[in-house]
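# A closer look at the structure
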Amino acid sequence: MGYGLIGCYIFSFLVEGIVLWQYASGLFEPKRRPGVRLAMLCFFYVGLFLAAMFLRVKLLNAILYFGANFLFLFVQYRLKWYSILFHTVVLEAIMGACELISYHAIGYYAPAFFTEPDDLHHLILYTVSSKITFLATTYMLIQFYKEYKKDNGQQDKFSLILLFTPMASLVTIITLSVIDSVYNLSPSLNWMVSLSSVFLLLANLIIFEINQHNQRKNAEISEMHLLLQKESSSAEYYKMISRQKESQSILIHDMKNHLQSIAVLCREEKIGKANRYIQQLLQSQSLNTASRLCSHELLNAILCRCQKQCVEQGIDFHADIRSGATEFLADQDLTALFGNLLDNAYEAAVKVPGAYIEASASKRENTSYMVAAVVNSCHGNPFFGRDGSLPTTKPDKQFHGLGLKSVRRVVEKYQGHMKLYYEEGTQTFHAVIMLKCPG
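Note that the coordinates shown come from a computational prediction; the quantities given were computed from them, not determined experimentally. (Residues numbered from 1 in each chain as written. Predicted model: local features only at pLDDT ≥ 70, side-chain atom pairs only at ≥ 80, totals over all residues. Heavy atoms only, no water.)

### Considerations on unusual backbone geometry
Although it is not a glycine, Asn366 sits at a positive phi angle of roughly 60°. Here Asn366 is to be found in the loop between strand 2 (356-363) and strand 3 (369-377). Assessed through its relative accessible area of 82%, Asn366 is described here as exposed. A positive phi angle, close to 50°, is found at Gln427, a residue other than glycine. (Helix = DSSP H or I, 4+ residues; strand = E, 2+ residues; numbered from the N terminus. Buried < 20%, exposed > 50% of the residue type's maximum accessible area, 1.4 Å probe, protein only.)

### Quick look at the packing of aromatic side chains
Considering all chains together, one arrives at 10 aromatic pairs under this definition. Summarising the aromatic geometry, the rings of Phe66 and Phe70 are spaced 6.5 Å apart at their centres and angled 20° between planes, so their arrangement reads as stacked. In this pair, Phe66 and Phe70 both sit in helix 3 (residues 58-76), four residues apart, roughly one turn of the helix. Judged by its relative accessible area of 26%, Phe66 is partly exposed. Look at Phe72 and Tyr77: their rings are 5.9 Å apart centre to centre, the planes differ by 70°, and that puts the pair in the edge-to-face class. (Phe/Tyr/Trp six-rings, centres within 6.5 Å; stacked < 30°, edge-to-face > 60°.)

### Notes on the packing of helix 10 (residues 297-313) against helix 11 (residues 331-349)
Contact pair helix 10 / helix 11: the axes reach a minimum separation of 9 Å and the direction vectors enclose 10°. When the interaxial angle is binned, helix 10 and helix 11 end up roughly parallel. Across the interface between the two elements, Leu298, Leu299, Ile302, Leu303, Arg305, Cys306, Gln309, Cys310 and Gln313 from helix 10 touch Asp331, Leu334, Thr335, Phe338, Gly339, Leu342, Asp343 and Tyr346 from helix 11. (Axes fitted to C-alpha atoms, helices over the stretch in contact; angles between N-to-C directions. Parallel < 35°, antiparallel > 145°, perpendicular 65-115°, else oblique. Contact = heavy atoms within 4.5 Å.)

### Observations concerning the nonpolar core
With 45 residues, the main nonpolar core has Leu303, Phe338, Leu342, Ile357, Met370 and Leu435 as its most contacted residues. Among the secondary structure elements, those contributing two or more residues to this core are helix 10, strand 1 (316-321), helix 11, strand 2, strand 3, helix 12 (403-413), strand 4 (417-423) and strand 5 (428-436). Considering each element in turn, this core owes the most residues, 10 residues, to helix 11. Within the second largest apolar cluster, 42 residues are counted, among which are Tyr45, Ala68, Leu176 and Leu185. (Core = buried A, V, L, I, M, F, W, Y, C linked by side-chain atoms within 4.5 Å.)

### A short note on the side chain of Ser130
Mapped onto the elements of the fold, Ser130 is located in helix 5 (residues 120-148). Excluding anything up to four places from it in sequence, Ser130 contacts Cys98, Glu99 and Ser102.

### Considering the sheet that holds strand 3
Across the sheet, five strands lie side by side as 1-2-3-5-4; this open sheet has mixed pairing. For this open sheet the edge positions go to strand 1 and strand 4, each flanked by a neighbour on one side alone. Between one strand axis and the next, the sheet turns through 10° on average, direction left out of account. Sheet topology places strand 3 next to strand 5; nine bridges connect them, and they run antiparallel. Looking at the pairing, Val375 lines up with His430 of strand 5. Packed on one face of the sheet, helix 11 meets strand 1, strand 2, strand 3 and strand 5 and runs near 20° to strand 3. Strands in contact with helix 12 are strand 4 and strand 5; relative to strand 4, the strand with the most contacts, it is inclined by about 140°. (Pairing = 2+ DSSP bridges.)

### Focus: the pattern of salt bridges
Following the criterion strictly, the structure yields seven salt bridges and no others. Notably, a salt bridge pairs Glu312 with Lys308, separated by 2.7 Å at the nearest N-O pair. With a gap of four residues between them, Glu312 and Lys308 both fall in helix 10, about one helical turn apart. What makes Glu312 exposed here is its relative accessible area of 54%. Residue classification places Lys308 among the partly exposed positions, given a relative accessible area of 22%. (Salt bridge = Lys/Arg side-chain N within 4 Å of Asp/Glu carboxyl O.)

### A few points about helix 2 (residues 34-54)
For the α-helix, the turn length of 3.6 residues means that residues three or four positions removed from each other point alike. A rise of 1.5 Å per residue sets the reference length of helix 2, with its 21 residues, at 30 Å; its end C-alpha atoms lie 30 Å apart and thus fit the reference within 8%. Taken as a whole, helix 2 has its buried residues at Arg37, Leu41, Phe44, Tyr45, Leu48, Phe49, Ala51, Ala52 and Met53. Arg56 sits one or two residues past helix 2 and shows a positive phi near 55°. (Expected span 1.5 Å × (residues − 1).)

### Concerning the packing of helix 3 against helix 4 (residues 81-109)
Relative orientation of the contacting elements helix 3 and helix 4 amounts to 140°, with a least axis distance of 9 Å. Taken together, the axes of helix 3 and helix 4 lie oblique to each other. Two packed elements cross with a definite hand, and for helix 3 against helix 4 that hand is right-handed. Taken together, the residues of helix 4 that come into contact with helix 3 (itself represented by Ala62, Tyr65, Phe66, Asn69, Phe70, Leu73 and Phe74) are Trp81, Ile84, Leu85, Thr88, Val89, Glu92 and Met95. In the contact of helix 3 with helix 4, the residues fall into 11 nonpolar, two polar and one charged. (Left-handed = near helix turned anticlockwise from the far one by under 90°. Nonpolar A, V, L, I, M, F, W, Y, C, P; charged D, E, K, R; others polar.)

### A word on the confidence of the model for the chain
Scored by pLDDT, the chain has a mean of 78; 77% of the residues are at 70 or more. Throughout residues 150-156 the model reports pLDDT below 50, and contacts reaching past four residues in sequence, or to other chains, amount to 17 contacts. Note on residues 395-400: pLDDT is under 50 here. Beyond four places in sequence and across chains, it has three contacts. (pLDDT = per-residue confidence, 0-100.)

### Structural notes on helix 3
Compared with an ideal rise of 1.5 Å per residue, which puts 19 residues at 27 Å, helix 3 spans 27 Å between its outermost C-alpha atoms and is within 8% of the ideal. Three or more residues of helix 3 are buried, namely Asn61, Tyr65, Ala68, Asn69, Phe72, Leu73 and Gln76. The arc enclosing the buried residues of helix 3, seen along the axis, measures out at 120°, which places them on a common side. Relative to its buried face, helix 3 has exposed residues pointing more than 90 degrees away, namely Leu59 and Ile63. (Arc of directions from axis to C-beta.)

This is how it looks when you write it as structure tokens:
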């Protein structure tokens, strides 16, 4: 076996390993750190390479490829065995189909291309064309699967344009194959053609990896947005408590003077004035206790922040959060769910005179589900377009529109359902969320 054939095998398994890594990382939740997953992937594919070198039985290689992918997904990702079986079969079928497509496409346009099966340059062109097809097909499948799960947005839709790159590469490789079969190229030109095809494949891999990197960065920005929202809610709540305590301290300090004034009014038998004086003191904001809208500290901070905004804008705000209803939610998920829903509700209600916002959460009896709802006044139906999408009125649209995507992500994480609708009669917008409580 020549070094050229060994190089083609190494190249093939390298691309197949990268495709499996991107496929799994783009769709599934990992169990272990990236370093452990990468080491396990290398272990499996080195074994596949050695088996291909020494056994050289196509059927056995296909079985081993299936087994290696199945074991890798089973050990490294949080998936049911039947889901792993499905995705492993899909990957194997796609790879086989891509090899057949490349074989017949090149054979159709260059009938003499495969008359010399041991020709290294022909083997390189065929390998690169089949792997580019495999890479593009799996990439398209990842984007489609994300769209189906509603876990992607405009960035993923835009990234489908990248499929032009592998399509153009395939046309280029088929053209090079036709030229190679029609003209008797010199050895130096053969090597240039082979290296060009390899560089084309590497360029495709780099472009797709850059796109995946950008998507991961966008996800990190979204997560940071949620953390900042959480910190903002907590900080605003504690500032409000601090201002209230300061006002109470001032009132207590001045209480002696207030009592002396009331005593003077009573001695002068000005009971009416004394009574009004007392009522003014009782209605003072300084005597109000800190707002306690629910028993969950973080959710209470989020609700109090919204309540403060509503009071400043003359919006009636009411919250009914039943005890223990949201305890199962992680802090980040709780912030994503209620923070974004309440922000959207406030943004819509602030434009309506005499508006109100109602937030509620409770567990359904005899079920493992929690139902949360936010109802707010809304001037006109906010849905538009054929897809029933919701607009954002914020000026920097590039960094907004993440709110409902974050809510959907929480709904999917807890195997729940979400319903958004507008009621014309009452001019109210309703967001109803049902989440499954774990355990």
